[in-house]
Structures are given as structure tokens and as C-alpha cells.
Number of protein chains: 2
Amino acid sequence: MGQGKFLRVVFLGILSLAAFLEVSAAQSQSQPSLQLMPMPLHVARGEGGLKIDSNFTVALEGFKEARLESARKRFLGTLSRETGIPYHFEATSGEASLTVKTSGASDAVQTVGEEESYRLEVTQTHAVLTAPNPLGAMHGLQTFLQLVTITPEGYSVPAVTIEDEPRFPWRGLMIDSGRHFQPMDVLERNLDGMEAVKLNVFHWHLSENQGFRAESKIYPSLTGKGSDGDYYTQAQMRDIVEYAHDRGIRVVPEFDMPCHTTAWFVGYPDLASGKGPYKIERKWGIMDPAMDPTRESTFEFIGKFIGEMTTIFPDAYFHVGGDECNGKEWDANPRIKEFMRAHGLKDNAALQSYFTARVEKLVAANHRIMEGWDEVLAPSTPKDVLIQSWRGPKALAAAARQGNRGILSTGYYVDLNQSAEEHYLADPLAGEGATLTDEEKKRVLGGEAAMWSEFVSYENIDSRIWPRTAAIAERLWSAQDVRDVNSMYARMGVVSDKLEAYGLTHQSVTRPMLQRMSGSADTRYLAVLASAVQPPLGYERGELKEYDWYSPLNHLVDAVPPESETARKFKNVIAVIVAGNATPQQYQEAKDQLTLWRDNDAMLQPLLRRSDITAELAPLSQSLSQVSAIGLRALDDLQNRRVADASTTQSDIQTLKAAEKPQAVLRNMAVAPVEMLVQAAAGAKQK
Amino acid sequence: MGQGKFLRVVFLGILSLAAFLEVSAAQSQSQPSLQLMPMPLHVARGEGGLKIDSNFTVALEGFKEARLESARKRFLGTLSRETGIPYHFEATSGEASLTVKTSGASDAVQTVGEEESYRLEVTQTHAVLTAPNPLGAMHGLQTFLQLVTITPEGYSVPAVTIEDEPRFPWRGLMIDSGRHFQPMDVLERNLDGMEAVKLNVFHWHLSENQGFRAESKIYPSLTGKGSDGDYYTQAQMRDIVEYAHDRGIRVVPEFDMPCHTTAWFVGYPDLASGKGPYKIERKWGIMDPAMDPTRESTFEFIGKFIGEMTTIFPDAYFHVGGDECNGKEWDANPRIKEFMRAHGLKDNAALQSYFTARVEKLVAANHRIMEGWDEVLAPSTPKDVLIQSWRGPKALAAAARQGNRGILSTGYYVDLNQSAEEHYLADPLAGEGATLTDEEKKRVLGGEAAMWSEFVSYENIDSRIWPRTAAIAERLWSAQDVRDVNSMYARMGVVSDKLEAYGLTHQSVTRPMLQRMSGSADTRYLAVLASAVQPPLGYERGELKEYDWYSPLNHLVDAVPPESETARKFKNVIAVIVAGNATPQQYQEAKDQLTLWRDNDAMLQPLLRRSDITAELAPLSQSLSQVSAIGLRALDDLQNRRVADASTTQSDIQTLKAAEKPQAVLRNMAVAPVEMLVQAAAGAKQK
């Protein structure tokens, strides 16, 4: 094959021609659809749009507070970034381009179910944003920002009337600062991202076996001995609370107990059920250490600690974890067994319920509502306790039936590398949830994306959270019947670019990581391989290779996004081809992509040897080439209505089955579509 | 032309094949040269290298201070970013991989000429960094970080012995926060960049006609009325001083007077020589307002203000500007004319000297040494006053001859869009400087890159400063005879990637800006145009189009770097071709580049119409196509030893002359090399 032809297909692949064609198609409509995410409740389009030029101004009317003024400034700052137009912050006289009319105050401490609605009307001459309170006004400002686009007449916002409010009052993102510490700037830019897609709860997982991250002045050894020096000072936590509040986001701290608590025990071994001494855990998984529920001193400690933390976290809810106790330390401790007998606690679940009930009283004594994972729910659990469900919609529905309120996290674990589509279609009120009565349904408050951090560093965490969490945000904000997956992907692409412009790094992180692992600024061949692979699904990664806290997260699996746009689009084209509906251009697209993948290996192999981190990719690259060659053959058969030979098909399927297994801890995303092609080519015989 | 052929050349252009080949060539040497910038004084290579894996540790020995411990942590943090290996910060026991031995303290407030040397010895088993003080140790840590590369055996640092110290004690970067305000994070990441290339002075230009940026508690209206709300609080300025000190960088504040002072006068019109009232200046250029040197109240104000600022800025030097007075307000004020007569001040220069002498006493009374631009130098100027030269080496030499110390900024104005080569070859002791006696030469302390901010926002400022300032840093640190331009460009490319990894955004800013102005995520055709153009040189930009403070900096001229790598490499290849030394591959490279540029226009034109910001690029794109077609013809003639026709040559030269003129405020960098080709093809006739 000539170099020219090869480079041509390399080029096609890298630049995602498909993406380009999609955008063009959208632009060619007379009135392109609004690129909003989450989709508002009601949208009515007008004619033309409002110019966003250097004369654009924003005025606040009605209720005033510092947070609104700060929101105005941030809005102008973001608009400057969006347009390159330098807006200055001084108040302006005369009629403003955008007037924000706020009727009254929000709650001083943001509450669950507080009003979040707004109305945005944009005409060719001005825009008016009306909201009952600052919370709604801030949501409306984000919608306005998403509407800004460049046109032949300059930057503008289309004329539109939007009336909007959320479906669920609890729309969260959990970040696990315990396993891999996340610096302040990571948290701050993720709060910016949350604001952009109208998420309103930051659930902060602050303690884990691998690290205790919240400074306590009463118990300084929690971080002194349990954090490797990586923790948030009280001032920093207060900063986060304020930063979040400025963006309409509540902060719910989580201190997981009685398990996931090894880091507590390094400094305070008396809290533990085992003998100690304890060291900060360096491995991943469910660990044995658990708090000792039989000692009064344990509850004294917890009570004082919760009291201290509530001076930092004003939110009505306080999360005490409660998940994944294996009970082994309890089983091994005769005093605890004796305590259980004496108190009629028939098993470890009962012992944990006893513990939870005691902790609930301590939380309540500090004027907070307890929140916990599924495991904290027992028949006797007070009705105001909030259940966060990781076990699934059935568990959530059971909680609702029992009278407790709950939120869904099953389906929203962004560490598991599922597709945006899967997250998007998971609905808190689908499945078992759909069978609830209306009153029970009201107890389902929403959901939370969960970013567990075994396999993310501060470097790549954004790429796990975004843009897929924007799809989850839409699920929790928009109407239940907003579930067109193609529309979601198109709009998520646009909001992903905006999020990157707002300072998140989910897109831009890949290239420097490829550059670093290859030791070269020229990453084009490695990028072609990267476009075809995804990290393993679910918990498979830990089964494929041994990982612990020390493991460098600097391999290809850490650099590629959880969902490859190239692979997703390739699969879509193949689906059309297999269904027999493809245009010649779609055949050509598929062929170009497969040719690119097939021929890349020859160029990449010598380069992989230059670095020990890329050396492990050699078999994967070779396998991609092989799979793509099979795909090209099948595609050719299909296009030319040739019948595939049975033995060839059989041998191809065998090759594909082998290629299906992860290599270098990566899934080859070409395999499944190519298998579809091979099956279709074989099936053609029967016609 | 077929789509395939076109895409092939598009691809070649975008991915800079030339860059790739350069890297390959370097790698193919048995022992590649060290990619250090600035180049150390003495380097001796050893065999093999030291592994940088997750067992890598750093220990401090000898003199201890908080700054060193913080440097150790930042070093490990940077190393984590460089390698993706999660280093934790706790002290480790046992022999460290890298031991930093520091003999004694640095000066509490960093001083000019303070010891900065270090010695770094790396073997296959360990590394030892020895320095007399923390300043030297911190420089050595930066050298170590630059040495980290990925190899087939993992990350490592080559075995090497380095002995290093700077040529000049004053190596600075000035940032103008006055004209366009620069937020804290911009300053902080630029201080990180300065540390990486061993610059040691941050000259902070804090007041301008367009804004007063430093909070004064004594005179709150300076920022209250003169800043549009964009200013640094005293706490923030102290943070910058501490942040810089932690990185071995002094902070010299500049409050420019008696001119460039409009923003002072908005709140305090009595300071001015004119009648007022004054408004914050929105235009660029030299303005009339000047302080009134005839009133004692002016000096009382300045004295108190300097006193307040010295509580924030501990550095021995205090910069009072003094540049560009046009004297118009003085000429127009009869009281001032009368004062001049009464005091025998024969002209405005004499009046300014009187003013400067008074200010110098106020600076001295606050235990600071005055620094000023060329204009502050008069025969009577005290010998300790430091002159910053923007007028050139002659002015600097004159100051040195007069007994004053000075630094050079001429040649280092990074806002003027010169090449890295030009900056690199400007030497404080070349030209007139070379004629100084040894004693006079010692008065030349170094130099400063100057980032004036008429045409930079916080968005693109990094791309004006970096990577070219790294070349200036080498000029000021390394030996005078280190001036191989090819070596500089190769090493600057590597350090540029590292700087981007450290958080600077000079490389990554272009793509989102192209995306924004084109309203599309697909920027490939716009990027091809971008690769051929550069912003105007010197002060031409302001002559080509009207700009003021409100002008959006969101056009292609703002998005492209001051020096195009593609254009530079193209020009180099053409030079080889014209000299008759080209290989067939080099002919092919030139042809591919020209074909890419020629054929891009057809694809780009329809897209340019989609946005009002790109619409202005249509003639430029067309002109690039035309120029490239001429280049292809001339190249073909040359390669085939055909004689170019005289009338064709003449018409081509005419076309090129027309294309030489900036369009859309951009220079077409293809023109000059193509003209070389055309001339060469015409010249062939005479042979």
C-alpha cells in the first residue's frame, strides 16, 4: 500500500470526519436545535437573536445579595472566555442587554426541594431572566451561556422563551477524595462543571481505608497519621462549601463508618474492633477493619467528631456511609461476640444496625439528617434517614415503600467505564421505581453520579466524570420522556466543548499523556490505537492486573476516555451497514476507518519499543490490525454481495473471540462491530 | 485534484512531519544531547541512567527551611505530573534516590547577585544535588526535572555531572497587569514557568493609564475609581510575593510615574497637571496626563504610597517607571511653566529630572533602591539607581559608563512578535556593550523579557510569553558563546512541552480559540491557514486596525503563536533548496507543504462565511493559495532545472509583493520563502 493512501486514512481517523459531517448537517437546517444540556422543560423559539458584542451588559434587579453579584461577575468572566470579548465588571447605566430579575431570597443554607425554576426570554433587542430566587437565576444564567454561539453576524443568543425547572430536587456528583486525594483546583473546576449542567449536590467522600482527608482539630491524628499529608484543612473545606454555595450547590460530607475506616485507626486504634496496630491501607477492595460498636468511647469519639464537622458543613444532611462491612474483625473479637449475645444481636447485620442507630442519634443531636448507603436501612430506621442506593432500583424502591426517602446511584457509577447512553437511560423511577405509588415516588429525590477513585489521579479524573455526567445531569433535571440517545450524544458533544472551555480538562488530558508515555511529541499513531480502545467495564480492571495505591496511573488505559467517540461512531455506521441501509459514503467511511486501524500497526510497532509503558501495547496494536483486516474482508463481501466462505467465517469468528479479551488492560472496540460484519456476510449466504 | 491526494497533504501539514523526523534523528544518535534550557555551564555525561519509578524518593540534608521542604513537595508533584507515578509527600527512611545537600541559608529577602550555583551528580544508583543555599538547590531540582525522560527501561534521568551557575544575576520577566488585568492564576502559572527556566525576577507593572491594579488602604480610590474593579488586594500581592519567593524569584513592583498615570487621577485629580476630570483611559498609546511636579502634595502622596507598598514588597528595588512623557499637560499649565522658570528648569526633560530626583529621595527614605526606565537617567542621578533600558544597548552602555547599573529589555519585548532567534541572539553585552571595560560590564546585571499587554488577554498571554522567554532565559543564564540557533529551537521545543505540562497554556490555547471563532469543533482547515500566518511585527498591529481596551482579542491574530513552527521549518527547507543542497525528500516536503496551503482555500472558504470573525480571513486564505501555487511552479522549475520565464517571474514577484502586506492583521509567512524560490528559479537562467 502506498504511503499516500495510508496517510489519507490516518488523517480521516484522527480528524473524525464523521463528527464534522454531523455538525454540518445540523448547521444546514434553517433553525438548528438548541444545544442545551440539560434540556429545559419548555422551549419556544423566536426569530433572529440577541447580539453578544462588546456593548453587552448585565443588570440585576429586585432582590440583591452578594452571591448574585458574584454570579454576575462570573457570568461575564465566562462570557469573556466564550467570546474573547473583554467584559469588565463595573455596573453599567442605561438599559442592560440582559436583565436578571430576582423576586426574593433563597434559603440561607440551600435546602432540598428549594425552588430552582427560572424563565428566560431572549428577543433581538434584549433578554430578561426572571426567577423567584438566586438559585433559579443562577440556573438561568447557565442556560444563557449555553445558548451563546458564533454566527455570520457575530456572537449571539437565539431568540427564545424558556421556562424551566428540575424534575428531581437532588442532583449530585460524589467525588472520592479518600482513595486518591484530589487537590482543591480539581474540586473547584468540577464544581464549575456541576454548575454548568445544573447539578446541585456535591457529595464529598472524605475518608477511606486509604486516607483520612478532613482536618479535625479535636482529633488531629486522623490526618496526622492517616493521610500521608494529603488532606483538606478546615479553612479549605469551608472554602469548598462557600465555592459550592456560590454556584447553587450543596455540600454533603461523607465519613464512611463503621467500615472503610482503616485510616481512622492508624491514629486512633482504640476505635477498631481488631488488635492493631493499623497502617494506611495501600491495596484496593473490601477490607476487614471495622469500628468497635461495643465501646461507649467509640460513640463519644464519633459524636464529638460529627459535632466538629457540622461547624464546617452547614448542610441539613450528613452522610455516614455504612457500606461493605465484611464483619471479619467482629467475628474474630470474643468481646464483640459476647456483646452481641448479651444484646440479642443475632448477626453482623444486626450489630451494624445497632451501630447505625446509635450514630443516627448522634447525627440528629447535631441537627442533621443522616444519610447512608443501602446497608443502613433497617425496619427500625427513622423515616427521615435518606438512603443512597448502590444496590439498585429494587433497594431504592424498597426504601421508598418503607417510608424513607432515597436517591439512586446505581447506573451512575462513572468509574465503571459504561457508555453515556447507559447512564442516560438509567432512571430513578424506571423498573421497580415505576411500580411505586405517587406518594412513594415523591420519596425518590433524585440521584448522584459517583466517582470512586481507585483508578483516577487528579490528572485524569475529569475525563472519567465528564462529559458523561452531563448526560446524568439531564436525566435528573429534564422530563422523563427526554431520552433520545442521538440527540443526547449530539448535545453532549457541544456541552463537552463548553466544559473544557470552562476549565475542565477531560478532553485535553489525553494528548500530553500519550506524549509522555511515548516520549515523543508526535503521537499520531498511538492516537489511532487509542481511538479504538476503551478501559475495561465494571470491576474487571482489578482482575486483569494487580493494582494498589502505588500503581502509576500513566498507561494507555488511564489516558483514553471511558467511551471512544470514534469507536461509537464506527459501531453506528456498521449497524446501518448490517441493517442494509447504508449509503456508499457510509461504506466508504467504514472502509476508511478499518483501513486506518489495519495499517497503523506497521507504523506504530517500532515506536512502541521506545518506552516501557508503550511496549505492552504491541500485541493489542497487532490484534487491532488483524481484526480490521477481517472487517475489511467482510465489508467487501457485503458491499459486493459476495457470499462469505464458511470456513473463513469460522476462523474469523475464532480470531475475533480471542481479540475480545482485554489486552494491556484495554478493550478492543473494533471487535464487536467487526463481528457484526462477519455475521452479516455469513448470513448473506442464506439469502 | 482527488480528495485523497488533498487530504494526504492536509494531513502532512497538520502533523508536522518535519518535527517528527527531527525527533527521530535525535533519537537515533547513540547518546542524544541533553534537552536542557537554559544550558548549564559544565556538563559531563556518564553511562546509563537513574530509574524514576514508584520507589523514587527525595531527602533533604544539611540546612533546613520551610521553603526547601515545600520545594521538595512541589518537585514530587511535578514529577508525578511528568510520569503519572503517584508520589506521596511523607518523608521516607533509608537512602534516598535523590539527596539534596544544602550548606546554608539564602538571604531572607532574596538579593541581587546572591549565590545561585548548584552541582548535580546522577549515577545509575542515585543522585546527589549539592548547593550552597536553597536558591541553588531549587535551580538544581529544575534541572533534574528537565532531565526526566521515558526510555525502554522506564522513566529515567541520564547519568550526568552538572556544575552550573548563571552568567547574569538579574534575569527577569515583566508582566503588564495595567493595560489588561491578569488574574492570579495567570501570574502563578507564569511564576512556575519562570522557575522552570531559572528566571529570578518578576517585574510587576501595576499601574497604567488603563488601570490601577494595586490596592492601597491609604488611597482607596486608586483602585476604587481607577481599576474597573480589576485589582489585586494587598493579601493577593503578598501571596504573589510569597509564591515567587518559594520559587527563587524576587518581585519588583513598578508604579509608573509621572506619566502613564491617568488611572491615578480618576480618584485623585489633584495629582495631575491638567484640569480633569479624568476617566480611565480606553485607548492605547502615549497619553498627555502627567503628575504635577510643582506641588508638594504630589510628593507627600507618593511618599506615603511608596511607604505603604514597601510593607508588601520586601525587595530592595522599587521601580518608578519614568517612561514616555510627552509633556503636553506641563506645556499647557501656566503655573508649571512659571515653576520651571523660577527653578531654572529649561525644558520638560529637566522638569522630569527634578521630579525623579524628588521621588528617588522618597524611595531611598523607604530603604529601597530606585529603578526606572532609560528616561530617569540624568547626570545627577545617584549611582545606585538601576536603569532598565528599552531604548537599546547604547543607552544601557551609557548608563554603565556613567556608573549606574542597568538591565536590558530592548530585544526582549515579547509583545512585538519577533522570532525566538532574534530574542536569543540579543545579548546585553554585545554591540555597544562589548566596548565597555570589565568594570563597566559588571554594572550590566542582566535583562528582562517584557510582556506589555495591549494585545493580550489572560487567555492568550501565555502564548506570547512562552516558549520564547525560555530562549531569553538561556541568554541570561548560559555562557555568552552558547548561541547555536538550531540547538536552541530543538531544546526550546522540548522545554515548551514541559512548560505546558507544568500548567502553562501557550500551546493548548490555540485550538479552543479556533473552535470558538469558527463555531465548529472541526478546525482542521482553519488550522492549516493558521500554520502559515503570524501576527504583525513591532507596533504595526495598531496601525493596521483601530484597537482600544474594548476590542475583543478573539481573532485569528490572537490565536496563532507569534512564531509559526510550520512556517519556520518551511523556510528552513526552502533555504536548503535554494542553496542547492536539498535531498529529494526535502523537495517533497516543500511540495507537500505548498500543496497543502494551495488546496486548503477551496475547503476553507465556505466555512469562513459561517462566522463574522472568520469572514475577514477569506482574502488571506485565497492569497495563501495563490502564493503557494506560485511556489509550486518555481519549485518544479528548480527541481527540473527548467529556466523560469522572465514575464512569469515578474508577474509572480508582483503578486508576492501584494501578498506581503498584512491581511486581516496577519502576515502571510509563505510569501518570503516563495519569493526566494521564485528568485532562485529566475536566477537559474543566468547559469
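Above: the structure in question.
Conventions we followed
- Residues numbered from 1 in each chain as written.
- Chains lettered and ligands numbered in written order.
- Predicted model: local features only at pLDDT ≥ 70, side-chain atom pairs only at ≥ 80, totals over all residues.
- Heavy atoms only, no water.
- Disulfide = S-S within 2.5 Å.
- Helix = DSSP H or I, 4+ residues; strand = E, 2+ residues; numbered from the N terminus.
- Buried < 20%, exposed > 50% of the residue type's maximum accessible area, 1.4 Å probe, protein only.
- Core = buried A, V, L, I, M, F, W, Y, C linked by side-chain atoms within 4.5 Å.
- Contact = heavy atoms within 4.5 Å.
- Pairing = 2+ DSSP bridges.
- Axes fitted to C-alpha atoms, helices over the stretch in contact; angles between N-to-C directions.
- Left-handed = near helix turned anticlockwise from the far one by under 90°.
- Nonpolar A, V, L, I, M, F, W, Y, C, P; charged D, E, K, R; others polar.
- Arc of directions from axis to C-beta.
- Salt bridge = Lys/Arg side-chain N within 4 Å of Asp/Glu carboxyl O.
- Polar contact = N/O pair within 3.5 Å; in protein donor to acceptor, adjacent residues only side chain to side chain.

Details of the state of the cysteines
Residues and elements named next belong to chain A.
Thinking step 1. A complete count under the given rule lists two disulfides over all chains for this structure.
Thinking step 2. Across a sulfur-sulfur distance of 2.0 Å, cysteine 259 and cysteine 325 are joined as a disulfide pair. With the S-S bond torsion at 115°, the cross-link from cysteine 259 to cysteine 325 turns out right-handed. Highlighted residues: cysteine 259 in the loop between β12 (250-254) and α8 (262-267) and cysteine 325 in the loop between β13 (317-319) and α10 (328-331), separated in sequence by 66 residues.
Thinking step 3. Cysteine 325 gets classed as partly exposed once you look at its relative accessible area, which sits at 23%.

Digging into the nonpolar core
Thinking step 1. By size, the foremost hydrophobic cluster in this structure holds 190 residues, and its most contacted members are Phe144(A) and Trp264(A).
Thinking step 2. If sequence neighbours within four positions are ignored, Phe144(A) has contacts with Leu50(A), Ile52(A), Phe56(A), Phe75(A), Leu98(A), Leu120(A), Val122(A), Ala127(A) and Val157(A).
Thinking step 3. With 179 residues, the next largest nonpolar core counts Leu632(A), Leu656(A), Met370(B) and Leu429(B) among its residues.

Description of the pairing of strand β17 (residues 444-451) of chain A
The side chains of a regular strand alternate between the sheet's two faces.
Residue and element names in this part refer to chain A.
Thinking step 1. Across the eight residues that make up β17, a large majority, eight, are buried.
Thinking step 2. Sheet topology places strand β8 (residues 170-176) next to β17; six bridges connect them, and they run parallel. Residue pairing across strands places methionine 174 opposite alanine 450, the latter belonging to β17.
Thinking step 3. Examined bridge by bridge, strand β16 (residues 405-408) and β17 share three bridges and lie parallel to one another. When the bridges of β17 are listed, glycine 406 appears paired with valine 444.

Here's the deal with the packing of helix α26 (residues 618-639) of chain B against helix α28 (residues 671-683) of chain B
Helix packing for two helices is described by the angle between their axes and how far apart those axes are.
All names here are of chain B.
Thinking step 1. The N-to-C vectors of α26 and α28 enclose an angle of 35°; their axes lie 9 Å apart at closest approach. The interaxial crossing formed by α26 with α28 has left-handed handedness. Contacts between α26 and α28 involve Val627, Ile630, Gly631, Ala634, Leu635, Asp637 and Leu638 on the former and, on the latter, Val671, Val674, Leu677, Val678, Ala680 and Ala681.
Thinking step 2. Residue composition of the contact of α26 with α28, by class: eleven nonpolar, one polar and one charged.

Points about helix α11 (residues 334-342) of chain A
Residues and elements named next belong to chain A.
Thinking step 1. Every buried residue belonging to α11 is among Ile336, Phe339 and Met340, and all of these are buried. Viewed end-on, α11 has its buried residues packed into an arc of 100°, placing them on one side of the element. Seen from the buried face of α11, the exposed residues on the opposite side, beyond 90 degrees, are Pro334, Arg341 and Ala342.
Thinking step 2. On its buried side, α11 packs onto α10 and α12 (348-365).
Thinking step 3. Glycine 344 lies just past α11 and shows a positive phi near 65°.

Remarks on the pattern of salt bridges
Thinking step 1. Under the counting rule described, the total for this entry stands at 69 salt bridges over all chains.
Thinking step 2. We note a salt bridge from Asp599(A) to Arg598(A), for which the minimum N-O separation is 2.8 Å.
Thinking step 3. Arg247(B) is the salt-bridge partner of Asp192(B), the closest N and O atoms lying 2.8 Å from each other. In this pair, Asp192(B) sits in helix α5 (residues 184-196) while Arg247(B) sits in the loop between α7 (234-246) and β12 (250-254), placing the two residues 55 residues apart along the sequence.

Thoughts on the side chain of Gln110(A)
All names here are of chain A.
Thinking step 1. Structurally, glutamine 110 can be placed in the loop between β3 (98-102) and β4 (118-122).
Thinking step 2. Within the structure, glutamine 110 has its side chain in polar contact with the backbone oxygen of glycine 248 (distance 2.9 Å).
Thinking step 3. Within polar-contact distance, the side chain of glutamine 110 engages the backbone nitrogen of isoleucine 249 at 3.4 Å.

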